[in-house]
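# Close look at the chain arrangement
For reference, the chains in residue letters:
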Amino acid sequence: MMGTIVDKTKTKWGKCRPYLLFVPPIVCVITIATFLNGNYAVAERAGDMTKMILITGWAALSYILWGMSYTIGDIPLWGIIPRMTEDEGDRAKLISLARIFASIFGATMVVGIIPISQAINGPESPNAQKGFIIAAIATTVLSSILFELAGIGTKERVPVSEETKTMKESFKLMWSCKPFRRLLISGVLRAPIQLMTIVVMTLFTYYYCDGDMNKAFDFTNKKMLAILLIIAGGFFIGQFGIMGVFPHLIKKIDVKKLYNLTAFAGIPTGLIYLLYKLHPTELDQVKYVAVLGVLILIGGAGFGLVMVCQSMMIADCIDYEEYHNGFRPDGIFFSGQSFITKLSAGISSIISAYVYNYVGYTGKNIDDMNQLLASGAKHFATDYQNYASAMWFLLTVPAAIGMIIAVLPTLKYEITKSEHDSILKALIEKHDAEKAEAAEIEE
């Protein structure tokens with residue numbers, strides 16, 4: 001729906017930029033509202049069914065509102081990139097930079113949200129939720145300000161298609177464009193890869209720090225700091241590194257080949273779980289940490305390469321569609337990326353919820369475990385091996401399978417580098433002619 005609306009938008013700012021100017025404040029307010037909820041674990045312990053229902057209901061409603069509002073900004077955010085420039089090298093740089101900064105900020109939040117929340121709470125505070133909410137509000141405001149800059153500091157240079165599509169026509173277009181259809185199917189198959197970002201820091205916090213992330217930032221404990229840098233850092237460094245060299249890679253290697261090569265990243269990702277099963281309580285030893293670091297680095301690189309290749313290939317599909325059928329579906333096609341992201345999050349949440357529920361990692365049990373870990377009476381790696389195994393499984397196995405099977409649809413992806421170069425050249429000539437004609441009419 002939002003993709004169709006974007007492609008129907010015609011203003012002096014373009015068709016994507018207006019949303020980037022006006023949507024961030026709305027997203028900010030709704031995001032903050034999602035965190036203003038009760039404590040489900042406390043309500044469950046007290047047996048207050050009414051409060052539990054209200055908390056769950058508000059969580060569902062606020063998340064739906066957040067998803068809708070964020071989509072209004074997210075589709076134009078990526079859709080504006082192929083509208084800013086028709087130079088493939090510049091597009092690659094913009095996509096890489098956007099992904100790098102998004103990943104850096106996301107990694108900072110994943111790594112830092114727990115220690116920041118704990119620091120806000122203070123060591124004596126029994127209310128862990130308070131610090132998390134304060135940290136969430138602060139980061140939401142900062143993120144919204146940065147989001148706003150995407151509207152203030154950009155300009156659309158590619159002409160807007162005069163033709164528009166209905167909702168029904170948009171869905172038909174997404175499926176009738178063969179290369180884009182392959183990307184959509186690939187994205188659905190790859191959905192479990194999102195578990196890597198969801199689980200990685202939860203696993204690290206419990207397995208290596210017994211639930212207290214402050215231990216990882218104890219600079220007097222050199223071993224713990226090294227583990228954090230190697231394991232948690234390895235995943236994000238793998239992402240950033242591959243994203244940074246991506247603009248150079250596509251000068252020599254077809255983006256289709258790069259995308260399909262990500263299947264091989266599934267192998268080391270799956271091997272991580274095998275390593276855990278062989279040594280379930282020993283992965284804090286230096287030799288195993290080193291092995292994990294290498295495997296996670298490769299997995300992170302595969303994850304990062306998928307993200308930049310996907311955005312680049314969608315931009316290519318937009319050019320492909322305009323060249324063959326005369327309509328430029330910037331919003332419609334990048335709504336597919338937003339759909340894949342949300343579907344991945346949804347599928348990953350369902351998988352993790354099922355696995356966690358199966359091993360009993362839920363509500364009251366988590367609360368009880370946290371208290372025992374905090375008192376030092378128990379240790380996660382040795383006393384909660386069923387929980388640990390579930391987390392290592394979620395981090396690796398579904399993602400590994402997703403990476404491998406996701407390339408099956410794109411093995412016959414239609415757009416080659418040479419073909420896209422020809423398409424882009426023809427479109428640039430067409431757009432230059434349209435601009436010249438428009439300038440003559442104005443005179």
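The structure contained in this document is the topic of the report that follows. Fair warning: this is a prediction, and the values are worked out from it, not measured in the lab.

### Quick word on the state of the cysteines
In this structure the tally under the stated criterion is 0 disulfides. The closest cysteine sulfur to the non-disulfide-bonded Cys16 is located on Cys317, 16 Å from its own sulfur. For Cys16, a relative accessible area of 0% translates into the label buried. In this structure Cys177 is a free cysteine whose sulfur lies 5.1 Å from that of Cys317, the closest cysteine sulfur available.

### Quick notes on the environment of Ile26
Relative to the helices and strands, Ile26 is located in helix H3 (residues 24–35). The partly exposed category is assigned to Ile26, whose relative accessible area is 46%. Between the C-alpha atom of Ile26 and that of Met196, which follows or precedes it by 170 residues, the distance is 29 Å.

### A look at the pattern of salt bridges
Taken as a whole and judged by the stated rule, the model has 10 salt bridges. Between Glu156 and Arg83 there is a salt bridge, and its shortest N-O distance comes to 2.6 Å. In this pair, Glu156 is assigned in the loop between helix H8 (128–152) and helix H9 (167–176) and Arg83 in helix H6 (residues 81–84), connecting sequence segments 73 residues apart. There is no split in this pair, since Glu156 and Arg83 are both buried. Linking Asp319 and Arg91 is a salt bridge whose minimum nitrogen-to-oxygen distance equals 2.5 Å. In this pair, Asp319 sits in helix H15 (residues 286–325) while Arg91 sits in helix H7 (residues 88–121), placing the two residues 228 residues apart along the sequence. The buried category is assigned to Arg91, whose relative accessible area is 1%.

What counts and what doesn't
- Residues numbered from 1 in each chain as written.
- Predicted model: local features only at pLDDT ≥ 70, side-chain atom pairs only at ≥ 80, totals over all residues.
- Heavy atoms only, no water.
- Disulfide = S-S within 2.5 Å.
- Buried < 20%, exposed > 50% of the residue type's maximum accessible area, 1.4 Å probe, protein only.
- Helix = DSSP H or I, 4+ residues; strand = E, 2+ residues; numbered from the N terminus.
- Salt bridge = Lys/Arg side-chain N within 4 Å of Asp/Glu carboxyl O.

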